[in-house]
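Descriptive analysis of the structure
So the chains spell out like this:
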Amino acid sequence: MKFKLSLLLSLMLITALSLIIAACGSPEEPEVRDISTDLSEDEIINHAFKEDFPLQYNSYLKNLEPSGKVTSKFISDIEPNLPILFNNYGFMLEYNKTRGHTNAVEDVNNIKRINDSSIGSCMTCKSTAVPLLIEEMGDDYWGASFREEIFPKTVALGEGYEVEELGEYGHISVGCSDCHNPQTMELRITRPSFVNAMERQGIDVSEASKNDMRSYVCAQCHVEYYFHPDNGKVTFPWDNGLKPEEMFEYKENQAIEMGFDYDWEHSISGAPMLKAQHPEFEISSYGPHGEAGVACADCHMPYERTDGRRKISSHHWGSPLLNPEQSCRACHSDKTADELKDRVYDIQRSHLDAMDETQEASVRAHYYVNRMITAGAPDEKIEEAQYYVRKGQWFWDIIAAENSDGFHNPQGGMDSMRMSAEASHQAIYIASNELTKLDEDLEELERQIEETVQSVYDEEDPYSKHEHATNDYFPNVLELDND
Ligand code: HEC
Ligand code: HEC
Ligand code: HEC
Ligand code: HEC
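So, how was this worked out
Residues numbered from 1 in each chain as written. Chains lettered and ligands numbered in written order. Predicted model: local features only at pLDDT ≥ 70, side-chain atom pairs only at ≥ 80, totals over all residues. Heavy atoms only, no water. Donors = N, O, S within 2.8 Å, 3.2 Å for Na, K, Ca; no water. Tetrahedral: all angles 85-135°; square planar, octahedral: opposite > 155°, others 65-115°. Helix = DSSP H or I, 4+ residues; strand = E, 2+ residues; numbered from the N terminus. Buried < 20%, exposed > 50% of the residue type's maximum accessible area, 1.4 Å probe, protein only. Near = heavy atom within 4 Å. Polar contact = N/O pair within 3.5 Å; in protein donor to acceptor, adjacent residues only side chain to side chain. Nonpolar A, V, L, I, M, F, W, Y, C, P; charged D, E, K, R; others polar. Lys, Arg positive; Asp, Glu negative; His and termini not counted. Salt bridge = Lys/Arg side-chain N within 4 Å of Asp/Glu carboxyl O. Contact = heavy atoms within 4.5 Å. 1 Å grid on protein atoms, 1.4 Å probe; cavity = no way out; pocket = protein on both sides within 12 Å on 5 of 7 lines; lining within 4 Å. Points joined across faces, edges and corners; volume = space filled by probe spheres on them. Phe/Tyr/Trp six-rings, centres within 6.5 Å; stacked < 30°, edge-to-face > 60°. Lys NZ or Arg CZ within 6 Å of the ring centre and 35° of its normal. Axes fitted to C-alpha atoms, helices over the stretch in contact; angles between N-to-C directions. Parallel < 35°, antiparallel > 145°, perpendicular 65-115°, else oblique. Left-handed = near helix turned anticlockwise from the far one by under 90°. Domains from an automatic or database assignment. Buried area = accessible area lost by both parts, 1.4 Å probe.

Going by the annotation in an unreviewed UniProt entry, the name recorded for the chain is nitrite reductase (cytochrome; ammonia-forming), with Salipaludibacillus aurantiacus given as the source organism.

Encoded structure:
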């Protein structure tokens, strides 16, 4: 009920917002003199581009700020339920907010999710060295050992070029050659997974318009993917479409047919779970801006005047709200910067409220199924409930993992979270019926869930929170004897 109310409110909000009239002029393009370079076609070192393009390079350096700060998502005002929801998966160990492109290699190297069995695919959206590694190793790149092979090779390709101003590994982190041909500086696609996924939909990205390229360069990385079961290759689940329900259908059918059943098994519910990753491209593609053909770069790389005279595309990718004059008012000149920011905050507030509710429903669903298992409910009922746990979590995770907190597609986010809540409540409903038949005390179950969740919240060390998600009330079901 509570969920329905917030859904209704946000529908009203979205209707009100659509009254904003987009007065979309076409902003004057930056001036580029001779854009061709004498660089090698294989240039991957970011500061090799400094001399030719000092303005874009200096803008790029701003991605280092704020330095040294990694923010865990597990703290109470972000998403405190995650150590429960990702229990038994790497994401229960460490899950942080994004930082700038220049930090990508440093961050992937330091995160606790990387272990001895991590594979090359994990480097794919982090370093300019990746296209060269794929060229050299072919399809062996994807499944190769991250620690033993891929990380050392990546670092070796950058050896001798470290410059302090770019920070640790900034010289080979997401950068110029990922999006530009180093000789012509035309936008280009360097990641085969994107090319292949588009090809399967009949789209030849080498024919893309200039405007599409202003989003496609981002869609190489800011997308949902999974590792192909044959060789670990990064694969996009887009064959049925880009919406959460279409990607879910893919995972339930095509992915399973090729041998990909789940990302991990959940230790509380035993459900075969799917993990969603940062689908900014997919979710924004059918939002109000995506439908209107507004590109990622329009908001995230607005034109700015740098040395007082020349205009460049900003190469500081971050929140457009830091600079709404350029990022938003180029099109929405009828609104003040403050009005536009307030619109975004309103959307994000109702989005995050709905997110809290859907995550809580998933938490309860996991524990209800745990009790079905320990109380001895019939296997087929357990499996049915586990399916709804998997489905419920997919539909909020694909939205929670999207980094705009609802702005890229307010209605799409709400639709997905409605599907999430329905599925999770279905799991709880099935469990409640079975537990009632077994004379389990549901009020006591709710009390135990509350106590368990509180103990996760109360743990101050973010890296230890997950240890409190299972306990005497709710044992790790993967470790139970089958007797
Ligand atoms: C390149 C032009 C362009 C830029 C840049 C742009 N917008 Fe828009 N905006 C549009 C268009 C076009 C629409 C769709 C209008 C419609 O469908 O009625 C729109 C719609 C909106 C809406 C209404 C959404 C809805 O649900 O109907 C809001 C709110 C909005 N923009 C805010 C922003 C903010 C905030 C920024 C900066 C972060 C921004 N826009 C940047 C062109 C732009
Ligand atoms: C994530 C993708 C991406 C990365 C990384 C990137 N660029 Fe760009 N760059 C773009 C986009 C998008 C444009 C706008 C192109 C357009 O509209 O045609 C652009 C435009 C440019 C232009 C044309 C002039 C302008 O400012 O619009 C130059 C020069 C340029 N970038 C240099 C660089 C340099 C140097 C680096 C590395 C320090 C770099 N870029 C890194 C995406 C990227
Ligand atoms: C080669 C892969 C790659 C490409 C291409 C790419 N990104 Fe990213 N992006 C990343 C990674 C990885 C991170 C997170 C880095 C971290 O947290 O260390 C990130 C982070 C971001 C952030 C968050 C920055 C912050 O300060 O929190 C924004 C915004 C962003 N990217 C926008 C874009 C846009 C817009 C494009 C296209 C013009 C783009 N990215 C292209 C990989 C990529
Ligand atoms: C109409 C403007 C607009 C367009 C188009 C747009 N974004 Fe965003 N994006 C935003 C706003 C506004 C936010 C929220 C920023 C905040 O919360 O401070 C955001 C947030 C993000 C973030 C998280 C940034 C952070 O600091 O954590 C990423 C990553 C991102 N967008 C990537 C993309 C990509 C990739 C595309 C294209 C597929 C895209 N965006 C298209 C306006 C836009």
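1. Let's talk about the coordination of the iron atom of ligand 1
Taken together, H289 (NE2) and H332 (NE2) make up the full set of protein donors to the iron atom of ligand 1, lying 1.9 to 2.0 Å away. One way to put it: the 6 donor atoms around the iron atom of ligand 1 meet at angles of 86 to 180°, and that makes the site octahedral. Within this pair, whereas H289 is found in helix α14 (residues 288-291), its partner H332 is found in the loop between α16 (324-327) and α17 (337-375), the two being separated by 43 residues in sequence. Note on H289: relative accessible area 26%, which makes it partly exposed.

2. Side note on the site of ligand 2
Near ligand 2, the surroundings consist of 19 residues, among which C176, C179, H180, S313 and H315 are the closest. One nitrogen or oxygen atom from the side chain of K210 is found 2.7 Å from an oxygen atom belonging to ligand 2. Interatomic distance of 2.8 Å between a side-chain N/O atom of H315 and a nitrogen atom of ligand 2. When contributions to the shell around ligand 2 are tallied by element, the ones reaching two or more residues are α2 (54-61), α8 (176-179), α10 (210-219) and β6 (311-313). Grouping the amino acids of the shell around ligand 2 by side-chain chemistry returns 12 nonpolar, 5 polar and 2 charged.

3. Re the side chain of E79
Relative to the assigned elements, E79 resides in the loop between α2 and α3 (82-85). Despite its burial, E79 pairs with no opposite charge; the closest candidate is K73, at 4.2 Å N-O. Those residues within four positions of E79 in sequence are excluded, and the remaining contacts are K73, F74, M355, Q359 and A400.

4. Details of empty space enclosed by the protein
In this approach a probe as big as a water molecule rolls over the atoms, and the regions it shows empty are the leftover space. Summed over the entire model, instances satisfying the criterion amount to 2 cavities of 30 Å³ or more. For the second largest cavity, the calculated volume is near 30 Å³. If you go around the second largest cavity, the residues you meet are I283, H351, I399, E402, S404, G406, N409 and G413. Looking at the lining of the second largest cavity residue by residue, the class counts come to 2 nonpolar, 5 polar and 1 charged.

5. Looking at the packing of aromatic side chains
Taken as a whole and judged by the stated rule, the model has 26 aromatic pairs. Look at F194 and Y216: their rings are 5.3 Å apart centre to centre, the planes differ by 65°, and that puts the pair in the edge-to-face class. Of this pair, F194 sits in helix α9 (residues 192-200) while Y216 sits in helix α10, and the two are 22 residues apart along the sequence. Each of the two residues, F194 as well as Y216, counts as buried. With 4.9 Å between their ring centres and 50° between their planes, F236 and W238 make a pair best called tilted. Here the two residues F236 and W238 agree in accessibility, since each one is buried. Between K112 and the ring centre of Y463, over which it is positioned, the NZ or CZ distance is 4.4 Å. Taking NZ or CZ as reference, R113 lies 3.8 Å from the ring centre of F91, over its face.

6. Looking at the pattern of salt bridges
Evaluation of the coordinates by the stated rule reveals 22 salt bridges. Among the salt bridges present, the one from D178 reaches R191, with a minimum N-O distance of 2.9 Å. Of this pair, D178 sits in helix α8 while R191 sits in the loop between α8 and α9, and the two are 13 residues apart along the sequence. Its salt-bridge partner being E434, residue K437 comes within 3.1 Å of it at the nearest N-O pair. Taken together, the residues span about one helical turn, with K437 and E434 both in helix α19 (residues 410-437) at a distance of 3 residues. Note on K437: relative accessible area 62%, which makes it exposed. Owing to a relative accessible area of 6%, E434 belongs among the buried residues under this scheme.

7. Some remarks on the packing of α17 against helix α20 (residues 442-458)
Here α17 crosses α20 at 125°, and the two axes come no closer than 11 Å. Relative to α20, α17 is oriented oblique. Classified by chirality, the crossing of α20 by α17 is right-handed. Seen from α17, the contacting residues are V363, R364, Y367, Y368 and R371; seen from α20, they are L442, L445, E446, Q448, I449, T452 and V453. Of the residues in the contact of α17 with α20, the class split is 7 nonpolar, 2 polar and 3 charged.

8. Considerations on the domain arrangement of the chain
In terms of domain boundaries, the chain breaks down into domain 1 (36-319) and domain 2 (339-477). Spacing between the C-alpha centres of domain 1 and domain 2 amounts to 28 Å. Counting from both sides, the interface comprises 51 residues of domain 1 and, opposite them, 45 residues of domain 2. When domain 1 packs against domain 2, the two sides together hide about 4100 Å² of surface, and 64% of this comes from carbon and sulfur. At the junction of domain 1 and domain 2, the tally comes to 2 salt bridges. Note that R390 and E252 form a salt bridge whose closest N and O atoms lie 2.8 Å from each other. Put simply, domain 1 and domain 2 have 17 residue pairs in polar contact (both at pLDDT 80 or more) between them. Secondary structure elements with two or more residues in the side of domain 1 that touches domain 2: α3, α11 (244-252), β4 (272-273), α13 (280-285) and α14. Considering every element that reaches the side of domain 1 that touches domain 2, the biggest residue donor is α11, with 6 residues.

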